Amino acid sequence: MNIETILNENLINLNMEANTKDEAIKELTNLLYKAGNVKDGDAFIKDVYNREAEGKTGLGNHIAIPHGKSDAVNVTSIAVGRTKNDLIWESYDNLPVHVVILFAVRNVDKTTVHLKLLSQVAIALSDEEIFDKLLTTNDKGEVIYLLSNKIQ
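Student: Just give me the short version of the overall build of the protein chain, but keep the residues and values in it.
Tutor: Regarding its fold elements, the protein chain presents 6 helices and 6 strands. Counted from the first residue to the last, the protein chain has its helices and strands arranged as α-β-α-α-β-β-β-β-β-α-α-α. The C-alpha radius of gyration computed for the protein chain amounts to 14 Å, which stays within 12% of the reference 15 Å derived for 152 residues, consistent with globular compactness. By residue count, 50% of the 152 residues in the protein chain fall in the buried class. A separation threshold of at least 6 residues defines the contact pool for the protein chain, and within that pool the share at least 24 residues apart is 69%. Looking at the protein chain as shown, the accessible area adds up to about 7600 Å², and 48% of this sits on carbon and sulfur atoms.

Right, dumping it as structure tokens:
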């Protein structure tokens, strides 16, 4: 499984209204719910916050990758959102977050699939050019390309 097979334009919002971490997670969860990938948004959000309690999901450089491993997930998915608003998020550089990459992982996928997807995102984000484009592109197709670029 790779990002190109689980991320689609319906799961990307490059103009999020979110002003807080909570609002961003709810907004992205709503995309997942509307797509049928999450069957219970509240239960999923609870599982996301259980993971948040374990450690920082703000990578730094204005990007966060929260994730929830949950029975509320129908289809392992990734939702991506970007906001111009500064989101206060626990991150390694203490900078506000503008791009949120939310992983929704079925419990049965929580080991191998989850780790593979997380690795793919980490590899993509290690490329400074990809990183910069995620902060500026207005093309949802480009977001999918950027996150899957150079990944085998």
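More follows now that the structure is in view.
Student: An account of the pattern of salt bridges is requested, with residue identities and associated values reported.
Tutor: Summed over the entire model, instances satisfying the criterion amount to 3 salt bridges. With a closest N to O distance of 2.6 Å, Glu90 and Lys21 form a salt bridge. Pair noted here: Glu90 is in the loop between strand E5 (77-87) and strand E6 (97-106) and Lys21 is in helix H2 (residues 21-34), with a separation of 69 residues, a long-range link. A residue is classified by how much of its surface remains accessible, and Lys21, at 11% relative accessible area, is buried. Of the charged contacts in the structure, one is a salt bridge between Lys133 and Glu129, with a shortest N-O distance of 3.3 Å. Placement of both Lys133 and Glu129 in helix H5 (residues 128-136) is noted, with a separation of 4 residues, approximately one turn of the helix. Several salt bridges converge on common partners, so that one network encompasses Lys21, Glu52 and Glu90.

Student: I'd like a rundown of the side chain of Thr83, residues and numbers included.
Tutor: With respect to the helices and strands, Thr83 occurs in strand E5. A polar atom in the side chain of Thr83 sits 3.1 Å from the backbone nitrogen of Asn85. When near neighbours in sequence (up to four residues on either side) are disregarded, Thr83 contacts Met16, Ala18, Val97 and His98.

Student: I'd like to hear about the nonpolar core, residue by residue, with values.
Tutor: Counting residues in each nonpolar core, the largest one holds 46 residues, and the members touching the most others are Leu7, Phe44, Ile78, Val80, Ile101 and Leu147. Apart from the residues lying within four places of it in its own chain, the contact partners of Leu147 are Ile3, Leu7, Val80, Ile101, Gln120, Ala124, Leu125 and Leu134.

Student: Quick one: what's the story with the packing of H5 against helix H6 (residues 140-148), residue by residue and with numbers?
Tutor: For the pair H5 and H6, interaxial distance at closest approach is 10 Å and the crossing angle is 160°. With respect to each other, H5 and H6 are oriented roughly antiparallel. Here H5 and H6 pass one another in a crossing that is left-handed. Between H5 and H6, the contacting residues are Ile130, Lys133 and Leu134 on the first element and Glu142, Val143, Leu146 and Leu147 on the second. Tallied by class, residues from the contact of H5 with H6 come to 5 nonpolar, no polar and 2 charged.

Criteria and thresholds
Residues numbered from 1 in each chain as written. Predicted model: local features only at pLDDT ≥ 70, side-chain atom pairs only at ≥ 80, totals over all residues. Heavy atoms only, no water. Helix = DSSP H or I, 4+ residues; strand = E, 2+ residues; numbered from the N terminus. Rg over C-alpha atoms; globule rule 2.2 N^0.38 Å. Buried < 20%, exposed > 50% of the residue type's maximum accessible area, 1.4 Å probe, protein only. Contact = heavy atoms within 4.5 Å. Areas by Shrake-Rupley, 256 points an atom, 1.4 Å probe, with all protein chains shown as cover. Salt bridge = Lys/Arg side-chain N within 4 Å of Asp/Glu carboxyl O. Polar contact = N/O pair within 3.5 Å; in protein donor to acceptor, adjacent residues only side chain to side chain. Core = buried A, V, L, I, M, F, W, Y, C linked by side-chain atoms within 4.5 Å. Axes fitted to C-alpha atoms, helices over the stretch in contact; angles between N-to-C directions. Parallel < 35°, antiparallel > 145°, perpendicular 65-115°, else oblique. Left-handed = near helix turned anticlockwise from the far one by under 90°. Nonpolar A, V, L, I, M, F, W, Y, C, P; charged D, E, K, R; others polar.

Keep in mind these values describe shape, not function.
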